[in-house]
Amino acid sequence: LAHDNLHFVTALGNVGVFDSKTGKRKLFFGVPFANYNSVFSKKSDEIWTGLMSHSGKVNIYANLTGSLIKEIPVGPDPSELLIVNNGAHAVIACGETSFLTVIDTEKKEIIKEIKIDPYPTNVWPGWAEDVVFVENAVRNSLNVVNISTLTVTDYIDFPFKPGMMVYNPVNQEIWICAGPSLNKVFIYKKNSGKWEKISEIETENDPHQLAFFDNNSKAVVINQKSNSALIFDVNTRKQIKKVITGSKPNGIAVW
């Protein structure tokens with residue numbers, strides 16, 4: 001279902017756990033509402049997921065059994081959930097608020113609602129374990145949030161709607177998907193204390209997610225409406241290879 005349609009129906013979600021060596025399914029269980037993603041706790045004994053309803057919740061389940069451990073009420077329309085700061089905190093952006101919710105993973109309690117731009121669309125890992133990027137495709141902005149200090153430390157305003165954003169630690173650049181109409185990845189770097197666009201890369205239709213690999217020297221970008229993955233050289237910005245994917249690729253993992 002499209003995100004807006006979730007406001008008018010009761011849509012159930014699911015979580016699946018698979019053995020990474022064999023690919024076999026170890027556990028599969030339902031959750032009370034559509035969920036965006038699921039993550040393991042640092043010890044991998046718990047599974048955390050956000051339920052994307054107006055009565056938003058973060059649910060915590062036992063990894064071995066799928067039994068509910070705790071339900072934490074949060075703001076409406078929570079999306080991506082991350083475990084950060086060496087496992088000490090969970091963060092989630094709630095789309096109909098102007099806050100990033102920070103949860104203590106040991107106590108399983110909200111410790112801070114950090115003020116960010118209104119209507120955040122997602123949260124992504126930043127350049128350190130205690131730094132996250134909050135994406136805002138409504139205000140066309142990025143908030144940089146330090147979880148250790150529980151403060152917003154930086155921001156970027158864009159002339160486009162940002163999507164997934166990933167930091168390259170070697171070149172100290174932020175790569176940002178901008179689609180589906182622009183079909184580009186924009187590259188920003190800090191110069192004299194200010195983030196500036198230094199380059200852009202043409203992609204195919206709707207660059208949806210990206211990841212770095214090969215010691216951060218290469219980038220792979222998936223294009224959801226072109227059913228493709230493009231591989232680029234990070235330094236030259238040149239395309240190395242195109243890979244045809246299945247229909248509507250929605251995520252990527254590189255190891």
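Keep in mind that this is a model prediction, so the values were computed, not measured. (Residues numbered from 1 in each chain as written. Predicted model: local features only at pLDDT ≥ 70, side-chain atom pairs only at ≥ 80, totals over all residues. Heavy atoms only, no water.)

Participant: What am I meant to see in the overall build of the protein here?
Facilitator: Looking only at helices and strands, one finds zero helices and 22 strands in the protein. Radius of gyration (C-alpha) of the protein: 18 Å, near the 18 Å computed for a compact globule of 255 residues. In terms of its C-alpha atoms, the protein occupies a principal-axis envelope of roughly 50 × 40 × 35 Å. Scored against the burial criterion, the 255 residues of the protein give a buried share of 51%. Expressed as a percentage of contacts within the protein between residues at least 6 apart in sequence, the contacts between residues at least 24 apart total 32%. Computed over 26 positive and 26 negative side-chain charges, the inter-centroid distance for the protein is 4 Å. (Helix = DSSP H or I, 4+ residues; strand = E, 2+ residues; numbered from the N terminus. Rg over C-alpha atoms; globule rule 2.2 N^0.38 Å. Buried < 20%, exposed > 50% of the residue type's maximum accessible area, 1.4 Å probe, protein only. Contact = heavy atoms within 4.5 Å. Lys, Arg positive; Asp, Glu negative; His and termini not counted. Charge placed at Lys NZ, Arg CZ, Asp CG, Glu CD.)

Participant: What is the right way to look at the side chain of T101 in this model?
Facilitator: Its place among the elements puts T101 in strand β9 (residues 99–104). A relative accessible area of 1% means that T101 is categorised as buried. Among the polar contacts made by the side chain of T101, one reaches the side chain of E113 at a distance of 2.7 Å. Those residues in contact with T101 that sit more than four places away from it in its chain are V74, A90, V91, I92, C94, I110, K112 and E113. (Polar contact = N/O pair within 3.5 Å; in protein donor to acceptor, adjacent residues only side chain to side chain.)

Participant: I keep staring at unusual backbone geometry and nothing clicks. Help me out?
Facilitator: Among all residues except glycine, the phi angle is most often negative; among peptide bonds, the trans geometry is most common. Unlike most non-glycine residues, D77 shows phi in positive territory, near 60°. Mapped onto the fold, D77 is located in the loop between β6 (68–73) and β7 (78–84). Residue classification places D77 among the buried positions, given a relative accessible area of 4%. One non-glycine residue, S192, adopts positive backbone phi at about 55°. Within the fold, S192 resides in the loop between β17 (184–191) and β18 (194–202). Taking the relative accessible area as the measure of exposure, S192 reaches 77% and is therefore exposed.

Participant: Where do I start with the pairing of strand β13 (residues 141–146) in this structure?
Facilitator: Along β13, six of the six residues are buried, which leaves the element largely enclosed by surrounding structure. Sheet topology places strand β12 (residues 131–136) next to β13; six bridges connect them, and they run antiparallel. Bridge pairing in β13 places V134 opposite N143. If you look at the hairpin formed by β12 and β13, you'll find four residues sitting between the two strands, and N140 has a positive phi there, around 55°. Bridging between β13 and strand β14 (residues 151–157) involves six bridges; their strand directions are antiparallel. In the sheet register, L142 faces β14, and the bridge partner there is I156. The hairpin turn running from β13 into β14, its antiparallel successor, is four residues long, and L150 in that turn takes a positive phi close to 60°. (Pairing = 2+ DSSP bridges.)

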